[in-house]
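# Structural features, examined
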Amino acid sequence: MTDIPAQAPLRRNLGVAFLTLLASSGTLVCCVLPAVMVALGAGAALAGLVTAVPQLVWLSEHKAGVFGIASAMLAISGVLLWRARRLPCPSDPSLARACTRLRTASVVLWWAAAVCMLVGATFAFVLPALV
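Residues numbered from 1 in each chain as written. Predicted model: local features only at pLDDT ≥ 70, side-chain atom pairs only at ≥ 80, totals over all residues. Heavy atoms only, no water.

As annotated in an unreviewed UniProt entry, the chain is Mercuric transport protein MerT from Lysobacter panacisoli.

Here it is, written out as structure tokens:
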């Protein structure tokens, strides 16, 4: 299947949205996962997880950088989605449906990434300030 010029930005936006979701889910791993495990009384399981995956400690130590990168990716992705929102879809009905699905998937992924980011920021920065 060949790319139609109008669909190329949508494919790029879907890829950027996916990478944004991946970066923002890193905020969940660095900050939400440890807090939830300790709150549920699974401190020993968290210790075992940190032993098996020592990179979790690095993510937690550098949470400002993790959140900075995830925020930048979220902003870039949002701008790309906003700019592509009115791009024309092909006139062929099957390609038009594919175009619409790509747009919908990109927006859903972006909102999922935004929610991950907000939950992670709450656990990393807001809740510790309250305690």
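Right, let's get into the overall build of the chain. Looking only at helices and strands, the chain has five helices and zero strands in total. Counting from the amino terminus, the chain carries its helices and strands in the arrangement α-α-α-α-α. What you see for the chain is a C-alpha radius of gyration of 18 Å, clearly larger than the 14 Å of a compact globule of 131 residues, by over 25%. Evaluated residue by residue, the chain yields a buried proportion of 29% over its 131 residues. Put simply, 79% of the contacts in the chain that link residues at least 6 apart link residues at least 24 apart. (Helix = DSSP H or I, 4+ residues; strand = E, 2+ residues; numbered from the N terminus. Rg over C-alpha atoms; globule rule 2.2 N^0.38 Å. Buried < 20%, exposed > 50% of the residue type's maximum accessible area, 1.4 Å probe, protein only. Contact = heavy atoms within 4.5 Å.)

When we look at a pair of aromatic rings, we describe it by the centre distance and by the angle of the planes. Evaluated as defined, the whole model comprises two aromatic pairs. Measuring from ring centre to ring centre gives 5.0 Å for Trp110 and Trp111, while their planes differ by 90°; the resulting arrangement is edge-to-face. Take Trp111: its relative accessible area is 53%, and that puts it in the exposed class. Lying over the aromatic face of Trp82, Arg85 brings its terminal NZ or CZ to 3.8 Å of the ring centre. (Phe/Tyr/Trp six-rings, centres within 6.5 Å; stacked < 30°, edge-to-face > 60°. Lys NZ or Arg CZ within 6 Å of the ring centre and 35° of its normal.)

Under the local residue numbering, the UniProt record ascribes the feature "transmembrane region" (unreviewed entry) to residues 65–84 and 105–130. With 100% helix and 0% strand, residues 65–84 has its two end C-alpha atoms placed 29 Å apart. Its end C-alpha atoms 36 Å apart, residues 105–130 is made of 100% helix and 0% strand. (UniProt positions renumbered as here; feature names shortened; annotations may be inferred.)

Structurally, the position occupied by Thr27 is in helix H1 (residues 8–39). By relative accessible area, Thr27 is classed as buried at 0%. Contacts of Thr27, omitting those with residues within four sequence positions, involve Val32, Val66, Phe67, Ala70, Cys116, Met117 and Gly120.

Position of Phe67 among the secondary structure elements: in helix H4 (residues 63–84). C-alpha of Phe67 to C-alpha of Met117: the two residues are 50 residues apart in sequence and 7.8 Å apart in space. In this structure, Phe67 is in contact with Thr27, Cys30, Cys31, Met117, Gly120, Ala121, Ala124 and Phe125, ignoring residues within four places of it in sequence.

Moving on, we come to the state of the cysteines. The full count for this structure, using the stated rule, is one disulfide. Residue pairing for Cys89: its cysteine sulfur links by disulfide to Cys99, the two sulfurs lying 2.0 Å apart. Around the S-S axis, the bridge from Cys89 to Cys99 shows a dihedral of about -65° and counts as left-handed. Placement of Cys89 in the loop between H4 and helix H5 (93–130) and of Cys99 in helix H5 is noted, with a sequence separation of 10 residues between them. On the basis of relative accessible area, Cys99 is assigned to the buried category, the value being 0%. Cys30 supplies the cysteine sulfur nearest to Cys116, a cysteine that is in no disulfide, at a spacing of 12 Å. (Disulfide = S-S within 2.5 Å.)

On the surface, a nonpolar cluster with roughly 530 Å² of combined accessible area is contributed by Phe125, Val126, Leu127, Leu130 and Val131. By secondary structure assignment, the location of Val131 is in the segment after H5. (Patch = residues over 30% accessible without salt bridge, like charges linked within 9 Å, V, L, I, M, F, W, Y side chains within 5 Å. Areas by Shrake-Rupley, 256 points an atom, 1.4 Å probe, with all protein chains shown as cover. Salt bridge = Lys/Arg side-chain N within 4 Å of Asp/Glu carboxyl O.)

Turning to the nonpolar core, a few remarks are in order. Residues Cys31, Phe67, Leu74, Trp110 and Met117 are the most contacted members of the largest nonpolar core, which totals 13 residues. Residues contacting Trp110, with those up to four places away along its chain left out, are Ala17, Leu74, Ser77, Gly78 and Leu81. (Core = buried A, V, L, I, M, F, W, Y, C linked by side-chain atoms within 4.5 Å.)

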